[in-house]
Amino acid sequence: MSGTQVKRAFKYRFYPTEEQAAELSRTFGCARKVYNLALDARTRAWFTEQRGVNYNETSAMLTAWKKSEDLAFLGEVSSVPLQQTLRHLQGAFTAFFDKRAKYPRFKSRKKSRASAEYTRSAFKWRDGQLTLAKMREPLNIVRSRPLPEGAEPSTVTVSRDSADRWFVSILVETSVNHHTPTDQAVGVDADITSLATLSTGEKITNPKHSDRERARLAKAQRVLGRKEKGSNNRAKARLKVARVQAKIADRRRDHLHKVTTRLVRENQTVVIEDLSVRNMVNNRRLSRAISDASWAEMRSMLEYKCAWYGRDLVVIDRWFPSSKTCSECGKLTESMQLSVREWTCDGCGARHDRDINAAKNILAAGLAVTACGAGVRPQRETSRTGRPATKQELSDVSRMESPAFRRGSSQASRLVSAAASCRAVDSQVGS
């Protein structure tokens, strides 16, 4: 069984001493200060002199800042996290110029993530003990799972979340074995009532973690709203709210990991839709349910797990009419309200469950994409491949003879119908 060399991060919780907590808090603050100073310098240089500032120039600025009287405190912490902050800012500008992100924003003391990144020169790793720069004792790490045997950390990221929990993320390079190849393929339709509906007819229940803690969260938020701003009692109330929200996020993430791991293990090809979650949450009636389902995080998990374990992830265009197309005869219905959960095809008279029918059509379109080599419509550029798919006309019938399509005459006809529907929608949208 072949394997792939990947960089994998193992995240653990740890409990710092008072001295370590104070040192890390200073490092977080200094890293945030350096980021904001460098961002301000680059922004001013552009708007006043029309001149770009690169990483080397900001690194020289950091040296000058440490020598100044007002910013001398920057020299009291390890220099490595500060240099890494400048590299992160350079990456943010690169993403902005590549039109993959917005212009970098200043970091807030209250809202931004408190973290610091240490490279190999700023920590010691001996006998499984991690000691960071400027510290005399190793971190008290609670190991929920072991690191791969013989793995040596290349980067360590220390963070503190809003619930006042401390985490350390250890990045190592390790080998991941591919799963045993299989001929199974599945289409996944994201849904509101259930987390996902599979083309096999199975509906994965949405636990709705936020609903389980809604009463506790609402009470904690009411208590927080009554506290005086800036008081110690308000800080304690804020911490209680953060802990409830952290519990919801942890449960949601754990469930998504179990679902995506199962899908990747059981199927060679996983087909999903390219949903615009950012736009969908603008719907006030459905925004809470969509956010609780966390479809974007599920897609992200499927992307890297398929890449790790030798599976194929196919993403079809969001405008493909999967719900309105009959999976039996391929007839396209003119319109269908979201409230319609079951419907009957006017062409063949087949009775469909809306979500199961959509999952079957998604699978059919995904297999057609696999055979023809690209998407139904141009897909977004992914950070993993760096190459967006291009529009393809599904006219080469001979390629339909691949093993992926040898699943019976009835399914083959549905695939051809789905391909025709994709081409029709493609021409309508393109015009």
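Residues numbered from 1 in each chain as written. Predicted model: local features only at pLDDT ≥ 70, side-chain atom pairs only at ≥ 80, totals over all residues. Heavy atoms only, no water.

1. Structural notes on the overall build of the protein chain
In step 1: Along its length, the protein chain carries 11 helices and 14 strands.
In step 2: By residue count, 41% of the 431 residues in the protein chain fall in the buried class.
In step 3: Considering only residue pairs separated by 6 or more positions, the protein chain has 70% of its internal contacts joining residues 24 or more positions apart.
In step 4: Carbon and sulfur atoms make up 48% of the accessible area of the protein chain, which amounts to about 24,500 Å² in all. (Helix = DSSP H or I, 4+ residues; strand = E, 2+ residues; numbered from the N terminus. Buried < 20%, exposed > 50% of the residue type's maximum accessible area, 1.4 Å probe, protein only. Contact = heavy atoms within 4.5 Å. Areas by Shrake-Rupley, 256 points an atom, 1.4 Å probe, with all protein chains shown as cover.)

2. Quick word on the pairing of strand β8 (residues 185-190)
In step 1: Counting buried positions over the six residues of β8 gives five, a clear majority of the element.
In step 2: Here three bridges tie β8 to strand β11 (residues 269-273), and the two strands are oriented parallel to one another. Across the sheet, the residue bridging to G187 is V271, located in β11.
In step 3: Note: β8 against strand β9 (residues 196-198), three bridges, orientation antiparallel. (Pairing = 2+ DSSP bridges.)

3. Things to note about a positive patch on the surface
In step 1: A cluster of basic side chains, namely R13, K219, R222, R226, K227, K236, K240 and R243, defines a positive patch on the protein surface.
In step 2: Elements with a contribution of two residues or more to the positive patch: α5 (214-226) and α6 (232-266).
In step 3: For K219, the location among the structural elements is in helix α5. (Patch = residues over 30% accessible without salt bridge, like charges linked within 9 Å, V, L, I, M, F, W, Y side chains within 5 Å. Salt bridge = Lys/Arg side-chain N within 4 Å of Asp/Glu carboxyl O. Lys, Arg positive; Asp, Glu negative; His and termini not counted. Charge placed at Lys NZ, Arg CZ, Asp CG, Glu CD.)

4. Digging into the packing of helix α1 (residues 18-49) against helix α3 (residues 79-97)
In a packed pair of helices, the relevant descriptors are the angle between the two axes and the axis-to-axis distance.
In step 1: One can describe the packing of α1 onto α3 by two numbers: an axis separation of 9 Å at closest approach and a directional angle of 40°. By the criterion of interaxial angle, the relationship of α1 to α3 is oblique. Crossing handedness for the pair α1 and α3: right-handed. Facing T27, C30, A31, V34, Y35, A38, L39 and R42 of α1, the residues of α3 in contact are P81, L82, T85, L86, L89, Q90, A92 and F93.
In step 2: Here the contact of α1 with α3 is built from residues that sort into 12 nonpolar, three polar and one charged. (Axes fitted to C-alpha atoms, helices over the stretch in contact; angles between N-to-C directions. Parallel < 35°, antiparallel > 145°, perpendicular 65-115°, else oblique. Left-handed = near helix turned anticlockwise from the far one by under 90°. Nonpolar A, V, L, I, M, F, W, Y, C, P; charged D, E, K, R; others polar.)

5. Here's the deal with helix α9 (residues 295-308)
In step 1: End to end, α9 covers 20 Å across 14 residues, agreeing with the expected 20 Å (1.5 Å per residue, within 8%).
In step 2: Among the residues of α9, W295, M298, R299, M301, L302, K305, C306 and W308 are the ones counted as buried.
In step 3: Once α9 ends, the next one or two residues include G310, with phi positive near 70°. (Expected span 1.5 Å × (residues − 1).)

6. Re the sheet that holds strand β10 (residues 203-204)
In step 1: As summarised here, the arrangement of the five strands in space is β10-β9-β8-β11-β12, forming an open sheet in which the pairing is mixed. Two strands close off the open sheet at either side, each with one partner strand: β10 and β12 (312-316).
In step 2: Judged from the two bridges that link them, β9 and β10 form a sheet pairing that is antiparallel. Within the sheet, the bridge partner assigned to T197 lies in β10 and is K203.
In step 3: Each of β8, β11 and β12 is contacted by α9, which is oriented at about 140° to β12, the strand it contacts most.

7. Describing the pattern of salt bridges
For side chains bearing opposite charge, pairing can occur when the charged atoms are close.
In step 1: Using the criterion set out here, one finds 26 salt bridges in the structure.
In step 2: Of the charged contacts in the structure, one is a salt bridge between E303 and R299, with a shortest N-O distance of 3.1 Å. A residue pair is termed a helical-turn pair when its members lie 3 or 4 positions apart in one helix, as E303 and R299 do in helix α9 at four residues.
In step 3: According to the relative accessible area criterion, E303 is partly exposed, its value standing at 21%.

8. Brief notes about the nonpolar core
In step 1: Ranked by internal contacts, the top residues of the largest apolar core, which has 26 residues, are F14, L24, Y118, L130, L132, V158 and V168.
In step 2: Counting residues per element, this core draws most heavily on strand β7 (residues 166-177), at four residues.
In step 3: Contacts of V158, omitting those with residues within four sequence positions, involve F14, L24, F28, A114, S115, A116, Y118, L132, F167 and V168. (Core = buried A, V, L, I, M, F, W, Y, C linked by side-chain atoms within 4.5 Å.)

9. Some thoughts on the packing of α5 against α6
In step 1: Taken N-terminus to C-terminus, the directions of α5 and α6 make an angle of 160°; their axes are 9 Å apart at the nearest point. Comparing the axis directions of α5 and α6 gives the class roughly antiparallel. Judged by the sense of rotation from one axis to the other, the crossing of α5 with α6 is left-handed. Within the contact between the two elements, α5 uses R216, L217, A220, Q221, V223 and L224 and α6 uses R234, A237, R238, V241, V244, Q245, K247 and I248.
In step 2: Residues belonging to the contact of α5 with α6 are distributed by class as follows: eight nonpolar, two polar and four charged.

10. Focus: the sheet that holds β7
In step 1: Judged by pairing direction, the sheet is antiparallel, and its five strands sit side by side in the order β2-β6-β7-β1-β5 without closing on themselves. Edge positions in the open sheet fall to β2 (114-119) and β5 (141-142), since each of these has one partner strand only.
In step 2: Where strand β1 (residues 3-14) and β7 come together, 11 bridges link them in antiparallel fashion. Along β7, the bridge assignment pairs Y12 with V168.
In step 3: Here α1 sits on the sheet in contact with β1, β2, β6 (155-160) and β7, set at roughly 95° to β2.

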